[in-house]
Amino acid sequence: MSSKRVAIIGAGVSGLTSIKACLEEGLQPVCFEQHDDLGGVWYYSDDVRPNQGASMYRSLITNSSKEMMSFSDFPFPKDTPPYLPYHRVFTYLQDYAEHFDLKKYIRFGTQASRVQKTEDFEQSGRWEVRTVQTGRDDVRETEIFDAVMVCNGVFARPYVPDVPGMSDFAGVTMHSQQYRTNEQFTGKKVVVVGAGNSAGDAAAEIAQVASQVYLSTQDGAWVLPRLAQAGVPRDMMLRRVLMNMPEFVVNRIIKGEANTRLNHVNYGLACPAEPL
């Protein structure tokens with residue numbers, strides 16, 4: 001009996017691990033990657049690529065430590081810093097794919113345009129996957145698979161809120177997906193909307209060259225440095241040291257440390273939601 005074929009959409013972190021998992025189970029993976037290289041969000045380019053989802057800015061440093069990001073069977077090199085610039089993550093993924101010989105299962109420049117059940121799905125459980133070559137709408141193909149793994153990430157499409165008056169604004173508006181460097185904001189007055197990771201990074205970097213930067217947040221945010229006590233990566237501290245404590249205790253610890261370093265009320269960052 002022939003092994004089952006599995007379609008994998010996207011060759012980012014989850015796509016690469018899905019290829020490896022399928023091979024370990026004796027399955028036949030076929031990975032469709034619309035861009036010309038693997039890495040997903042970690043594949044940086046100076047310009048936004050067609051149909052690109054989330055993307056990197058040039059100064060990005062990870063918020064997850066190498067201890068929590070690494071694959072259990074492929075650790076980061078020992079000289080890797082606790083938190084990595086984006087290009088070190090991209091290189092790591094390239095090395096991972098090379099080490100486990102995954103690239104030969106990836107069809108680069110191929111976009112999955114439609115996934116639907118086959119006519120005999122109730123009996124076969126199979127799926128019909130239609131693909132198109134990136135930039136070549138005339139080159140299309142349809143294949144049948146026993147299973148489909150969707151690995152295009154949770155931020156595949158940027159979200160831009162409908163703010164009254166934005167369409168009439170004469171200045172520059174952009175989503176963080178389009179942000180690369182702070183150069184174009186030199187001497188300008190800038191509003192950064194949101195208090196997520198990318199908003200905080202962009203606001204801090206743009207403030208170095210802009211005449212004024214405002215950070216607009218509706219619900220506040222808990223601000224903590226990447227390193228905890230004794231220089232231990234904070235995410236490792238939370239997941240390895242505090243994970244067995246009751247949630248209300250962990251929340252109290254996090255809020256206490258956050259306010260010790262930064263009075264959130266004074267800075268307009270008071271957050272009604274618990275950290276966890």
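Everything here concerns the structure above.
Described in the following lines is the structure provided in the data block.

Conventions used here
Residues numbered from 1 in each chain as written. Predicted model: local features only at pLDDT ≥ 70, side-chain atom pairs only at ≥ 80, totals over all residues. Heavy atoms only, no water. Axes fitted to C-alpha atoms, helices over the stretch in contact; angles between N-to-C directions. Helix = DSSP H or I, 4+ residues; strand = E, 2+ residues; numbered from the N terminus. Parallel < 35°, antiparallel > 145°, perpendicular 65-115°, else oblique. Left-handed = near helix turned anticlockwise from the far one by under 90°. Contact = heavy atoms within 4.5 Å. Nonpolar A, V, L, I, M, F, W, Y, C, P; charged D, E, K, R; others polar. Pairing = 2+ DSSP bridges. Buried < 20%, exposed > 50% of the residue type's maximum accessible area, 1.4 Å probe, protein only. Right-handed = clockwise from strand over helix to strand, strands pointing away. Phe/Tyr/Trp six-rings, centres within 6.5 Å; stacked < 30°, edge-to-face > 60°. Core = buried A, V, L, I, M, F, W, Y, C linked by side-chain atoms within 4.5 Å. Polar contact = N/O pair within 3.5 Å; in protein donor to acceptor, adjacent residues only side chain to side chain.

Considerations on the packing of helix 1 (residues 13-24) against helix 3 (residues 86-99)
And step 1. Orientation of helix 1 relative to helix 3, taken along the N-to-C sense of each, is 15 degrees, at an axis distance of 11 Å. Here helix 1 is positioned roughly parallel relative to helix 3, judged by the angle of their axes. Where helix 1 crosses over helix 3, the handedness of that crossing is left-handed. Of helix 3, the residues touching helix 1 (which contributes V13, L16, T17 and K20) are L93, Y96 and A97.
And step 2. The residue inventory of the contact of helix 1 with helix 3, partitioned by class, reads five nonpolar, one polar and one charged.

Quick notes on the sheet that holds strand 5 (residues 127-133)
And step 1. On the basis of which strands lie adjacent, the open sheet formed by three strands has the order 4-5-6 and antiparallel pairing. Lying at the two open borders of the sheet, with one neighbouring strand each, are strand 4 (110-117) and strand 6 (136-145). Here the average twist between neighbouring strands, direction ignored, is 20 degrees.
And step 2. As judged from the seven bridges shared by strand 5 and strand 6, these two strands associate in the antiparallel manner. When the bridges of strand 6 are listed, T131 appears paired with E141.

Considering the pairing of strand 8 (residues 189-193)
And step 1. Burial of strand 8 is one-sided: the residues V190 and V192 facing one way are buried, the residues K189, V191 and V193 facing the other way are not.
And step 2. Of the pairings in the sheet, the one linking strand 8 to strand 9 (residues 212-216) comprises five bridges and is parallel in character. Across the sheet, residue V193 finds its bridge partner in strand 9, namely S216.
And step 3. At this point the chain moves from strand 8, through helix 5 (residues 197-206), to the parallel strand 9, and the crossover so formed is right-handed.

What to know about the packing of aromatic side chains
Here a ring pair, both rings aromatic, is described through the centre-centre distance and the interplanar angle of the planes.
And step 1. This model, assessed by the stated rule, comprises 13 aromatic pairs.
And step 2. Note on Y44 and Y86: the rings are 4.9 Å apart at their centroids and 40 degrees apart in plane angle, and the pair reads as tilted. In this pair, Y44 is assigned in the loop between strand 2 (28-33) and helix 2 (66-69) and Y86 in helix 3, connecting sequence segments 42 residues apart.
And step 3. The interplanar angle of 35 degrees and the centroid separation of 4.1 Å between the aromatic rings of F71 and Y96 together place this pair among those described as tilted.

Some words on the nonpolar core
And step 1. Counting residues in hydrophobic clusters, the biggest one holds 35 residues, and the most contacted among them are I8, L16, L38, W42, L93, I106 and I206.
And step 2. The dominant element in this core, judged by the number of residues it contributes, is helix 3, at six residues.
And step 3. When residues no more than four places from it in sequence are discounted, the contact partners of I106 are A11, L16, I19, C31, E33 and L38.
And step 4. Formed by five residues, the second largest nonpolar core is a distinct cluster that contains V30, F32, V129 and F145.

Thoughts on the side chain of H264
And step 1. Examined against the element boundaries, H264 turns out to sit in the segment after helix 7 (247-261).
And step 2. For H264, the side chain forms a polar contact with the main-chain nitrogen of V223, separated by 3.0 Å.
And step 3. Other than its neighbours up to four places away in sequence, H264 contacts A221, W222, V223, A258, N259, L269 and A270.

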